[in-house]
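This is what each chain is made of:
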Amino acid sequence: MADLPDASTCYELLARMALIRRFEEEAGRQYQRAKAGGFLHLAIGEEATIVGTTSVMDERDYLIGTYRTHGHAIARGTDPKRVMAELFGRVGGTSGGRGGSMHIFDRERRFMGGYGIVGGNLPIAAGLALSSEYKGEDAVTVCMFGDGASNTGNFGETMNLAALWQLPVFFLVENNLYGMGTSVERHSAQTDLSKKAEGYGIPGQRVDGMDVLAVREGVAEGIRQAREERRPTLLEAFTYRYRGHSAADPEVYREREEVEEWRGKDPIELFARRCVEAGVLGEREVQEVREKAEARVNAAVEAADASPEPALDSLYESLYVLDSAAGWYAVDERSPEPHRGEREEAEMPATARELAEAGAAYAGQPHGPRSNPAVEGEPVEGMEPEVAAEREEVVEETEEAER
Ligand SMILES: Cc1ncc(C[n+]2csc(CCOP(=O)(O)OP(=O)(O)O)c2C)c(N)n1
Ligand SMILES: [Mg+2]
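So, a few notes on the structure that sits alongside this text. These numbers were taken from a predicted model, which means no experiment stands behind them.

**A word on the coordination of the magnesium ion (ligand 2)**
Looking at the magnesium ion (ligand 2), the protein donor atoms are Asp147 (OD), Asn176 (OD1) and Tyr178 (O), and they sit 2.0 to 2.2 Å from it. Binding-site remark: the magnesium ion (ligand 2) is held by donors from one chain whose sequence spacing is D-x28-N-x1-Y. You'll find Asn176 and Tyr178 in the same group, each marked buried.

Pasting the structure below:
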């Protein structure tokens with residue numbers, strides 16, 4: 001078990017988890033009252049995984065998540081007032097009320113969303129990491145996604161590029177045992193998700209996602225490897241959502257006993273008890289944390305309520321339209337004349353062309369003729385030069401003898 005950090009860190013970890021819990025309970029209540037619209041996915045029970053992760057990130061690092069990310073944004077420092085206003089669809093929201101619950105976004109705090117497409121955030125995470133690399137920025141991108149997302153094509157494609165291009169990215173799979181109503185055993189052939197990216201060159205570890213300190217330790221190491229060694233890794237955190245998949249879930253796929261068992265591992269209760277038993281925090285401080293969370297969430301609801309709805313004539317603002325895109329057209333009608341993207345490619349400036357051509361070199365493509373590994377054992381690449389030369393000789397001799 002990881003050692004307890006100093007008292008102020010323990011207080012901060014507990015305060016963040018308690019704030020998120022209280023926020024989400026209230027979000028659920030406001031949804032029932034039809035104040036919050038659209039869909040609502042709560043992460044109640046998953047606070048240790050969220051806060052454990054964000055607590056070891058630097059300000060310069062990027063975080064990207066799924067549609068279950070109210071807590072992720074708040075843990076990153078976004079004001080709960082702005083998150084609540086977003087749920088209410090008001091101008092004071094993180095995206096002016098246009099995104100809603102599934103699309104919380106805060107560029108200033110480098111919280112890059114909020115995506116409704118399962119697995120849709122993974123390639124974007126690779127893109128963010130590539131942009132950091134390209135700009136010479138020392139930032140790491142932390143990509144969080146669900147167990148269900150590990151079955152998407154995006155998962156494999158992203159792992160491949162992350163490993164190939166040695167991107168400064170760290171992956172964390174929030175394994176809450178279900179993708180909607182389907183358990184991991186029923187949706188994934190490989191149930192040890194930490195192994196799922198190994199074939200792509202991304203090693204993995206497992207961690208107790210209900211233990212905030214264990215998550216901190218695992219994530220800190222993953223971020224270190226991404227930052228210092230440009231080595232992407234995958235951490236599988238076991239966690240549990242106490243509520244249904246979304247607000248409209250009859251929960252017929254799991255037993256009440258299972259939910260009760262995981263409630264017994266409540267990450268906030270367990271951590272508070274441990275801090276008090278070790279004498280690092282007093283009962284009074286634990287109570288204070290709860291009261292402060294209550295006050296901040298009440299203030300968030302008040303602020304969201306007071307924030308106006310977007311004006312009707314702003315309906316067409318902030319839309320991405322064809323005219324503003326300089327490159328390829330999204331829709332290509334395939335008429336005979338050269339199309340816009342093709343024209344631009346022909347006129348592509350020399351530097352852009354050089355960069356594109358440098359792609360293969362960047363990925364470390366070896367020079368010279370390549371042997372057939374299936375016939376001749378391991379490929380030459382990666383071997384000590386003397387060993388490789390020796391092996392070449394043996395292969396040549398064998399071929400000579402066969403001729
Ligand atoms: C590409 C895609 N397929 C299906 C869905 C429908 N869908 C929404 S959430 C979800 C479950 C995802 O489960 P998981 O990745 O484990 O995340 P969790 O909800 O447990 O946090 C599915 C299938 C979707 N949004 N996008
Ligand atoms: Mg899941």
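Read on, since the account is not over.
**Regarding the side chain of His41**
Summarising the element assignment, His41 is placed in the loop between α1 (7–32) and α2 (47–54). Judged by its relative accessible area of 5%, His41 falls in the buried class. Setting aside anything within four residues of it in sequence, one finds His41 in contact with Glu24, Tyr67, Arg68, His70, Ser101, Met102, His245 and Ser246.

**Considering the packing of aromatic side chains**
Under the criterion given, the structure shown has four aromatic pairs. On the basis of an interplanar angle of 55 degrees and a centroid distance of 5.2 Å, the ring pair of Tyr178 and Tyr253 is categorised as tilted. Here Tyr253 lies in the loop between β7 (234–238) and α9 (256–263) and Tyr178 lies in strand β4 (residues 178–179), a separation of 75 residues in the sequence. Under the relative-accessibility criterion, Tyr253 is labelled partly exposed at 21%. Pairing Tyr240 with Trp262 gives two aromatic rings, centres 5.0 Å apart and planes at 10 degrees, and the pair type is stacked. Placement of Tyr240 in the loop between β7 and α9 and of Trp262 in helix α9 is noted, with a sequence separation of 22 residues between them. Here Tyr240 and Trp262 have matching classes, each one buried. Each member of the aromatic cluster is reached from another via a ring pair, and the members are Tyr240, Tyr242 and Trp262. A cation sits over an aromatic face here: Lys265 above Trp262, 3.9 Å from the ring centre.

**Some remarks on unusual backbone geometry**
In this model, Gly113 is joined to Gly114 through a cis peptide bond whose omega is 20 degrees. Tracing the backbone shows Gly114 in the loop between α4 (80–87) and α5 (121–135). One non-glycine residue with positive phi stands out, namely Glu251, at about 55 degrees. Of note, Glu251 is situated in the loop between β7 and α9.

Rules of the game
Residues numbered from 1 in each chain as written. Chains lettered and ligands numbered in written order. Predicted model: local features only at pLDDT ≥ 70, side-chain atom pairs only at ≥ 80, totals over all residues. Heavy atoms only, no water. Donors = N, O, S within 2.8 Å, 3.2 Å for Na, K, Ca; no water. Buried < 20%, exposed > 50% of the residue type's maximum accessible area, 1.4 Å probe, protein only. Helix = DSSP H or I, 4+ residues; strand = E, 2+ residues; numbered from the N terminus. Contact = heavy atoms within 4.5 Å. Phe/Tyr/Trp six-rings, centres within 6.5 Å; stacked < 30°, edge-to-face > 60°. Lys NZ or Arg CZ within 6 Å of the ring centre and 35° of its normal.

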